[in-house]
Amino acid sequence: MRVAALLTALALGALAALPVAAATAGTEVRGVALVLSGGGARGVAHLGVLKVLEELRVPVDCVVGTSMGAIVGGAYASGLSVEEMERRVREADWDEMFLNTLPRDRQPFREKLDAAGNRSAITMGYGPEGFLLPLSAIAGQQLDRFLTGLAGDAESRSSFDTLALPFRAIATDLESGAMVVMNGGPLWRAMRASMAVPGVFLPIEHDGRLLVDGGLVMNLPVDVGRELCGEHVIAVNLGTPPLSRERLTTATDIVLQAINLALEQNVQQQLGRLGAGDALVEVELGDISSRDFGRVLETIPLGERAARAAADQLARFAVDADSYARWQAQRQTRLRRPAPIITAVEVEGLRYVPEHGVLAGLRQRTGVALDSRRLENDLERLYAGGDFERLRYRVERDGAYGRLKVEAVEKSWGPNYLRFGGGFAADFEGDGAVGLYAGLSRRWINPWDGRLNLDLHLGTSNRLRGELYQPLGLRSSWFVAPVLQVGSRTVPVYQDGRKLADFRVREGTAGVDLGYELGEWGELRLGWHRGREKGEVVSGADVYPRQRTEHGKLRLAAVIDRLDSPFFPRRGYSASVLGEWHDARFGSDLDYRYAAFDAIWAASSGPHSVLVNFLLAGSPDRELPAAGRYTLGGLFRLSGYRYGELAADQVALGSLSYYRRINTLPEMIGRGVYLGGTVEWAALRNYALDRPSPGNRSSLALFLGADTVLGPLYLGVAYASRVGEPRYYLLFGQPY
């Protein structure tokens, strides 16, 4: 069987090489190399050039490319049609492709929870070397998956000469600065290494070398193309014009500007190597920069225009219709072999994640054919867990069999993660809140991926919380979570809109939860918590006596979060349910129940978004302890009232918000700027005789908001008819 498989593979390899010879059948000019320059987003213009080459019936014998030229050239050399390449470019979500995380609705719930509380605005690592930061701005996991689709498979090739057209990709050795001509391995990896701009994309390790963008050494590889297959070269140069001073607004812009200035020099050197028997297509792309991936579709017609302007040069390489049809048919006959039978699954590159931690998340088994689609989905789930910068794979084939090798690049700043966040809120009348957050997470403290989380919150409320999150088995959805917490909070006491006092509550609790994680959807928890609480008035009138209370409760919590953004969602929904039963049987001095339900729904059309929020909270037993009543007031919580001005035993709150995206922020600062408004209505009820019910209240607010990398920023004005005067707000991050 192995002998037969080997003979089959040799035969297929020979067939794969036929297009090289067929490319020149019936032609007067032999040996034509297509050389495609780099250019980032500008490089999609190569598709327009390829369209015109096909219209003119110009076959080529090999392809060489750098950066985006390597991506387009590699796909073309592997047999992908120009029409299919353009379709994939049109369907690609370029914003998602250059994110370091998956879209929020596919992220693990615990990551969403931290983001919604603005507890991960700044993240870094800590180890023996001190504080650790990421090696690049973009890890490129989603880009790698896109490139695998263009390449056709993840198989490692001994030579790119076995593609439909011989191919080479240019990269730079980051350690020595030497040019590296990639002529084998997985095709997607060669594409990826060739465009790994230093500081922007994560470098790629290949054959013991750390590779980055080939444009640093040869952005238009004329010499390599001539050496590979041709007396003649068709060179497509996109140019790399420097950005204007007005566009140099971020550190990334400055890095790319320096790179562009350097690589333009090696381009001019290679242009000087072109002779009378070669052709040059110069594409003018105006103000489209290498980072303007939102404008890639604009580049295709510009590539077509440039190729038609050079039609006289290109026409000398044209062939008759029959010869070209044979060449094209053979070029597009991509080498399709049955999926290999996997004989072994190996994981490379691990430092702190145990190998079984990766293998347990893969459904691919030995002795069966590779299921690449299922494997991609498994790798995406593992990547979403937060341990890896990149997680890809390759297949080393031996006839009908193959070894699956998972290339795992763990986060260079793990497994100890420091997180910082918080925020502040002010109403310009002396009221508000401030909170600074710092957290430490330690991953993989045992073989079942136990995690220790320490959270410190300082400000209007102070809290130190420690939790051991322990799955009940490797990759198990069930978990236990022992929790310890100490802290204090200040509860304002108002009467008829006038602040009477500040009541401070100090508490310490211990408990344990049994839970079930719903993947990226949410989680369920049921636990017993026991603690002690002390309360006293720290300023103002002596409205409440000093208190000392023992607490014991059963606590049920359920959360679902499918919003695409925690602060300015455009689609999705979320809901949370909380139930507490305080009883002497659980160690409590008080006997009451508490429940809360909070739901959000968001939808959008174009730049317009609508958000609906509904909240129910309070005690079905009606009366709550003084410090346990639900409070409202502040921006988006009956905005026309001061922070904590309204308190009740039972609360029903509904709001309708509209906001429109009016601008974008530089990516180093944030995402969007929004203008919007909200309408809020609430019913509040008290049942103790000494607590008058606030009754029904309503409020209107207008706001200007920005979704920044450090958290949401709002500047707002609100009005409530019962108050009779506007209130102004500034809110940044999440201070609570």
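Analysis parameters
Residues numbered from 1 in each chain as written. Predicted model: local features only at pLDDT ≥ 70, side-chain atom pairs only at ≥ 80, totals over all residues. Heavy atoms only, no water. Helix = DSSP H or I, 4+ residues; strand = E, 2+ residues; numbered from the N terminus. Contact = heavy atoms within 4.5 Å. Areas by Shrake-Rupley, 256 points an atom, 1.4 Å probe, with all protein chains shown as cover. Lys, Arg positive; Asp, Glu negative; His and termini not counted. Charge placed at Lys NZ, Arg CZ, Asp CG, Glu CD. Domains from an automatic or database assignment. Buried area = accessible area lost by both parts, 1.4 Å probe. Salt bridge = Lys/Arg side-chain N within 4 Å of Asp/Glu carboxyl O. Polar contact = N/O pair within 3.5 Å; in protein donor to acceptor, adjacent residues only side chain to side chain. Nonpolar A, V, L, I, M, F, W, Y, C, P; charged D, E, K, R; others polar. Patch = residues over 30% accessible without salt bridge, like charges linked within 9 Å, V, L, I, M, F, W, Y side chains within 5 Å. Disulfide = S-S within 2.5 Å. pLDDT = per-residue confidence, 0-100.

Caption draft 1: Expanded view of the overall build of the protein chain. When its secondary structure is counted, the protein chain shows 15 helices and 33 strands. Principal axes of the C-alpha set define a box for the protein chain whose edges measure 100 × 60 × 45 Å. A separation of at least 24 residues holds for 66% of the contacts in the protein chain among residues at least 6 apart in sequence. Accessible area of the protein chain: about 32,200 Å², with a carbon and sulfur share of 57%. Side chains of the protein chain carry 83 positive and 86 negative charges; the gap between the two charge centres is 4 Å.

Caption draft 2: View of the domain arrangement of the protein chain. Here the domain parsing of the protein chain yields domain 1 (32–100 + 139–334), domain 2 (341–410) and domain 3 (416–733). Here the C-alpha centre of domain 3 lies 41 Å away from the C-alpha centre of domain 2. Tallying the contact residues gives 12 residues for domain 2 and 7 residues for domain 3. In total, domain 2 and domain 3 occlude about 750 Å² of area from one another, counting both sides; carbon and sulfur atoms represent 51% of this. Considering only the side of domain 2, the residues that lose the most area to domain 3 are Tyr352, His356 and Asp387, jointly responsible for 44% of the buried surface there. Taken together, the connections running from domain 2 to domain 3 amount to 1 salt bridge. Taken together, domain 2 and domain 3 are joined by 6 residue pairs in polar contact (both at pLDDT 80 or more). Here the residues of the side of domain 2 that touches domain 3 are counted per class, giving 6 nonpolar, 5 polar and 1 charged.

Caption draft 3: Molecular detail of a nonpolar patch on the surface. Together, Leu518, Trp521, Leu524, Ile560, Tyr573, Trp601, Val610, Val612, Leu656, Tyr658, Val679 and Leu700 make up an exposed nonpolar region whose accessible area comes to about 1,000 Å². Among the secondary structure elements, those contributing two or more residues to the nonpolar patch are β26 (608–618) and β29 (650–664). Tracing the backbone shows Tyr573 in strand β24 (residues 572–582).

Caption draft 4: View of the state of the cysteines. Evaluation of the coordinates by the stated rule reveals 1 disulfide. Between the sulfur atoms of Cys62 and its disulfide mate Cys229 the distance is 2.0 Å. When the S-S torsion is -70°, as for the bridge of Cys62 with Cys229, the disulfide is left-handed. Of the two residues, Cys62 is situated in strand β2 (residues 62–66) and Cys229 in the loop between α9 (222–228) and β11 (232–237); the sequence distance between them amounts to 167 residues.

Caption draft 5: Focus on the confidence of the model for the protein chain. Put simply, the protein chain has an average pLDDT of 86, and 92% of its residues get 70 or more. Of all secondary-structure elements in the protein chain, the lowest mean pLDDT belongs to helix α1 (residues 2–23), at 36, while β26 reaches the highest, 96. Across residues 1–29, where pLDDT falls below 50, the model places 36 contacts with residues more than four positions away in sequence or in other chains.

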